[in-house]
Amino acid sequence: ATVSVLYWRMATSLVLSCILCAGAVVVDLKAYGRDAVRVRVAPSGSTITGPLTSALLDNDAPGGESQVLSNGNIHVTADSSGVVTVTRKSDGVVLLEGVSVVFSQPTNGSRPGTTKVTAAFKGRKQRIYGLGEHKTFRVNQFPYSKVFADSLFYGDSQGGDVSIPWYCSDMGYGFVWNSPSLGMVNITENVTQWVADATRNLDFWVVTTERDPPSYAAAGRSFFAELLEKYVDAVGHALPLPFWASGFIQSKDRYRNQTQVLDVARGYVTRGLPISMIVIDWFHWVEMGDWSFNPVCFPDPQKMVDELRGMGIELMVTLWPYVGMNVSVNWPQYLHNGYLATSQQTGEAESFWEYNTPTGNCVVDPTYDKAMEATAKHWYEGYGKYGIKAIWMDESEPDHAEYISGGQWNFRAGSDSEMLPAWVKYWSAGMKDALEKNAGRKPGDFLIMARNAWAGTWRNGAALWSGDIQSTWEELTDAVAIGQGVMMSGVALWTTDIGGYVNGNPEDPDFQQLIVRWFQFGAFCPLFRTHGHRDGGPPADECWMTNGDNEVWNLAKDEEHYNAITAVMYLREDLRDYVMRINNETVHTGMPMMRPMFLQFPNDTTCQTDASVEKQFMFGPDWLVSPVTTPNATTWNVYLPPLPPTHEWVYWWTQTVQTKAGWVAFDVSSIADFPLCFRRPKESSQ
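What comes next is a walk through the structure. (Residues numbered from 1 in each chain as written. Predicted model: local features only at pLDDT ≥ 70, side-chain atom pairs only at ≥ 80, totals over all residues. Heavy atoms only, no water.)

With that out of the way, let us pick up the overall build of the protein. Helix and strand counts for the protein stand at 17 helices and 38 strands. Relative to a compact globule of 686 residues, whose C-alpha radius of gyration would be 26 Å, the protein shows 25 Å and is just as compact. Every one of the 686 residues in the protein was classed for burial, and the buried ones make up 63%. Excluding contacts between residues fewer than 6 apart, the proportion of contacts in the protein whose partners are at least 24 apart in sequence is 73%. Counting only carbon and sulfur atoms, one obtains 50% of the accessible surface of the protein, whose full area is about 23500 Å². Within the protein, one finds 52 positive and 75 negative side-chain charges whose respective centroids are separated by 6 Å. (Helix = DSSP H or I, 4+ residues; strand = E, 2+ residues; numbered from the N terminus. Rg over C-alpha atoms; globule rule 2.2 N^0.38 Å. Buried < 20%, exposed > 50% of the residue type's maximum accessible area, 1.4 Å probe, protein only. Contact = heavy atoms within 4.5 Å. Areas by Shrake-Rupley, 256 points an atom, 1.4 Å probe, with all protein chains shown as cover. Lys, Arg positive; Asp, Glu negative; His and termini not counted. Charge placed at Lys NZ, Arg CZ, Asp CG, Glu CD.)

Below, the structure written as structure tokens:
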């Protein structure tokens, strides 16, 4: 027997782990895509098997090399203990240098044959991008530490923290931790450490560039763009954005009846304001898990959908993954057929989350194909048959009353420890099937919007949004960085609640300014959508509460503010063909719609190294956006990268050519003005 000793630093504590390991492990190295290798290591005496659900498209069988493998520009070696070293062949740079692989006791309640895996690599200072949706106020996530269960718990995250196990580094490599297990990650100068609490074996995918990273800048292409393309080739490409979802989306918490929905839609049309879609939020049903409209509040869904479509407006409706215990019309079916997650303590379907259902709500088990077939059928009968083709997949962590650290719930595929971070992948795949198989929709003619994501959920047509964020300037500031980080994580479509979700008061002067500035940011997100729980509103009635107004004409305090909001609405409407074009690029290559400056300008030193430029971004290749994120601002500094002699920057609001590159101070004293420039060919070059 040998002793494997692992040191790592988390926060300020030094932790020492000594695990007794006997004999050599089983190693499988396999070429997987261009300049990429899948690495799998199993404990001694075990066999290589895939995870419950793989981030990679092909959860292929083992059969690769055991110790050394080269594939294109990547070279991987493994020793007898499973410690791996990854090198780029063209320049000899060591990208990942393993320290140890430790197998130990998995979380209680895990299936036989599972193990806990801790993999450590030497730490180094680097810039890393991706890893999901996190409130860190920065795009570069280094240093980074996350317990995956924290992301899933609404009590900690408010639905605004999402862990996606991928990052790409300025050293010219990308990494996918291919385990849906609960666990953690810690990336510092001292160590890079990944932990899966309950899995079958160590499983990760690593990719590098086809040549030395410095050579890319001279060619005008970012090596990050190549890494992103190889990443989506491996985990799956996004489905296209429907044109009908490329414009403005109106939502609030909540339109409580059919009359409200139609009145608001007519309000936009009669005012000549662009609108693509309107949203019906939670508790439009009678009981949780009925998955249908309350007939008292929505007496004629078909008429509603038809009238909306006649105005050029599609309807999105929220769908929650719970069944009310003893009260939902679907409760007997889901209980008796085993379609629900069960408690490890009792072996029974128990309440996962009690909100608004006194008897409690059980959560659907999306890992059971028959449960998802039944849910898809109910969705179609409740919504799809009326022509609805947009699903707001709320609560898709799934939300739970008590923190889940593992060993509490069982699903058909395995325990919570083994698969809870990827629950949303199963759920979104099932709803994609509902739209395609039950409703007959084709890719590019349906949309799913989820409050969670995992590697590859975009191949199910699932967008992501920012969760239940506060109506504050700090949240707007953070959203600018968060959106860029989400894009670098592979998510194709992202949106934020314009104005924030919680505590927005249209009578508050601070909020009156904030909502305009947030619209100016939201118009240049992949999905342009307002939503929020606004203060005020009439009393609850038989259709429950409706809260305060959230329509443009109710949010703008005066004509100046109204004109400032509608200016970006009209601009977004004019840009819809451009939006579709950059989305098409995302679908085919993984190049984000919302791009950090370093990604679009790889040969510009400031864009590569100055963290100040993270407060601005490119919307596609041509539009530079720098949202104003502080109240009462009068000037706003923006970095304009130098352009080739054939092109120029134009300030949109005055149509003025910017003759000076570098840092420029723009006048934003008018609420209607914010730094927005577009890149165009000079007339002499056309």
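Turning next to helix α8 (residues 369-382). Relative to the 20 Å expected for 14 residues at 1.5 Å per residue, α8 spans 20 Å between its end C-alpha atoms, a close match to the ideal helical length. All of the buried residues along α8 are Ala 371, Met 372, Ala 374, Thr 375, Ala 376, His 378, Trp 379 and Gly 382. Elements that come into contact with the buried residues of α8 comprise α7 (331-336), β23 (390-393) and α10 (423-438). (Expected span 1.5 Å × (residues − 1).)

What follows concerns the pattern of salt bridges. Scanning the entire structure with this criterion turns up 31 salt bridges. Notably, a salt bridge pairs Lys 389 with Asp 445, separated by 2.8 Å at the nearest N-O pair. Of this pair, Lys 389 sits in the loop between α8 and β23 while Asp 445 is found in the loop between α10 and β25 (447-450), placing the two residues 56 residues apart along the sequence. Exposure remark for Lys 389: the relative accessible area of 9% places this residue in the buried category. Here Asp 445 falls in the partly exposed class, since its relative accessible area comes to 22%. Residues Arg 529 and Asp 497 are paired through a salt bridge, measuring 2.7 Å at the closest nitrogen-oxygen approach. On the criterion of sequence distance, the pair formed by Arg 529 in strand β29 (residues 528-530) and Asp 497 in the loop between β27 (494-495) and β28 (502-504) is long-range, its members being 32 residues apart. The same class applies to Arg 529 as to Asp 497, namely buried. Each of Asp 394, Glu 395, Glu 397, Asp 399, Arg 451 and Asp 468 takes part in salt bridges that share partners, so that together they form one network. (Salt bridge = Lys/Arg side-chain N within 4 Å of Asp/Glu carboxyl O.)

Attention now goes to the packing of helix α12 (residues 509-522) against helix α14 (residues 559-574). Here α12 crosses α14 at 10°, and the two axes come no closer than 9 Å. When the axis of α12 is compared with that of α14, the two are roughly parallel. Residue-level contacts link Gln 512, Gln 513, Val 516, Phe 519, Gln 520 and Gly 522 of α12 to His 561, Ala 564, Ile 565, Val 568, Met 569 and Arg 572 of α14. Looking at the contact of α12 with α14 residue by residue, the classes come out as six nonpolar, five polar and one charged. (Axes fitted to C-alpha atoms, helices over the stretch in contact; angles between N-to-C directions. Parallel < 35°, antiparallel > 145°, perpendicular 65-115°, else oblique. Nonpolar A, V, L, I, M, F, W, Y, C, P; charged D, E, K, R; others polar.)

Right, let's talk about the packing of aromatic side chains for a bit. Scanning the entire structure with this criterion turns up 53 aromatic pairs. An angle of 90° between the planes, with centres 5.7 Å apart, marks the rings of Phe 121 and Phe 204 as edge-to-face. Taken together, the residues Phe 121 in strand β9 (residues 115-122) and Phe 204 in strand β16 (residues 202-208) connect sequence positions 83 residues apart. Between Trp 282 and Trp 544, the ring centres sit 5.5 Å apart and the planes meet at 65°, which makes this aromatic pair edge-to-face. (Phe/Tyr/Trp six-rings, centres within 6.5 Å; stacked < 30°, edge-to-face > 60°.)

Now for the sheet that holds strand β26 (residues 462-465). One open sheet holds the eight strands; their spatial order is β27-β26-β25-β23-β19-β18-β17-β29, and the pairing between them is parallel. Among the strands making up the open sheet, the edge pair consists of β27 and β29. For strand β17 (residues 248-250) and strand β18 (residues 277-280), the ladder comprises two bridges, and the chain directions are parallel. Across the sheet, the residue bridging to Ile 249 is Met 277, located in β18. Of the strands in this sheet, β17 and β18 are in contact with helix α5 (residues 258-270), which crosses β18 at around 160°. (Pairing = 2+ DSSP bridges.)

Remark on secondary structure: sheet strands pair via backbone hydrogen bonds, oriented parallel or antiparallel. Taken together, the six strands give an open sheet; going across it, the order is β31-β32-β33-β38-β35-β36, and neighbouring strands pair in antiparallel fashion. The outermost strands of the open sheet, each flanked by one partner alone, are β31 (594-595) and β36 (656-658). For strand β35 (residues 647-651) and strand β38 (residues 676-681), the ladder comprises five bridges, and the chain directions are antiparallel. By the bridge assignment, Glu 648 is partnered in β38 with Arg 680.

Along the polypeptide, Gln 470 turns up in the loop between β26 and α11 (473-488). Setting aside its immediate chain neighbours within four residues, Gln 470 contacts Glu 475, Gly 500, Val 502, Asn 503 and Trp 518. Polar side-chain contacts of Gln 470 include one of 3.1 Å to the side chain of Asn 503. (Polar contact = N/O pair within 3.5 Å; in protein donor to acceptor, adjacent residues only side chain to side chain.)

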